[in-house]
Amino acid sequence: MNRKEFLLTGCRFVAGAAFMLMGGYLLHDKIDTDNTSSGCSRSGVCRGCGAVNKCSRAEALSYKRVTGKES
Ligand code: SF4
């Protein structure tokens, strides 16, 4: 493997990893958004949940009231 092949392989690896991370992030965000209507897979631990701004569950309303994040 020469230097050019090594750099190309490295670039492909980095691009592939970036696409996988981006896909995982988008999928995780969608799963959290779906939880607002059908249930909560985080056991009501709202801190750090990506759906807290849109969620209307009692746990989320309490979290927003206590932390002053109500709109
Ligand atoms: S904001 Fe809270 S209650 Fe709503 S989905 Fe997230 S963790 Fe569950």
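For the structure itself, look to the data block above.
Rules used in this analysis
- Residues numbered from 1 in each chain as written.
- Predicted model: local features only at pLDDT ≥ 70, side-chain atom pairs only at ≥ 80, totals over all residues.
- Helix = DSSP H or I, 4+ residues; strand = E, 2+ residues; numbered from the N terminus.
- Buried ≥ 20, exposed ≤ 12 C-beta atoms within 10 Å, placed from the backbone.
- Near = placed C-beta within 6 Å.
- Core = buried A, V, L, I, M, F, W, Y, C linked by C-beta atoms within 7 Å.
- Contact = placed C-beta atoms within 7 Å.

Let us now look at the overall build of the protein. Each helix and strand counted, the protein has two helices and zero strands in total. Looking at the protein as a whole, 7% of its 71 residues are labelled buried.

With that settled, the discussion passes to the site of the ligand. As a structural note, the neighbourhood of the ligand is formed by 14 residues, with Cys40, Cys46, Cys49, Cys55 and Ala60 the closest of them. Residue assignment for the shell around the ligand shows that the elements contributing at least two residues are helix H1 (3-38) and helix H2 (58-67).

If you look at the biggest cluster of nonpolar residues, it comprises five residues: Cys46, Ala51, Val52, Cys55 and Ala60. When near neighbours in sequence (up to four residues on either side) are disregarded, Ala60 contacts Cys46, Val52 and Cys55.

Because each turn of an α-helix spans 3.6 residues, side chains separated by three or four positions end up pointing in the same direction. In terms of burial, H2 is largely open, as just one of its 10 residues are buried. At the exit of H2 stands Gly68, carrying a positive phi of roughly 70°.

Moving on to the environment of Arg47. Within the element layout of this structure, Arg47 appears in the loop between H1 and H2. Put simply, Arg47 and Ala60 are 13 residues apart on the chain and 9.1 Å apart in space, counted from C-alpha to C-alpha.

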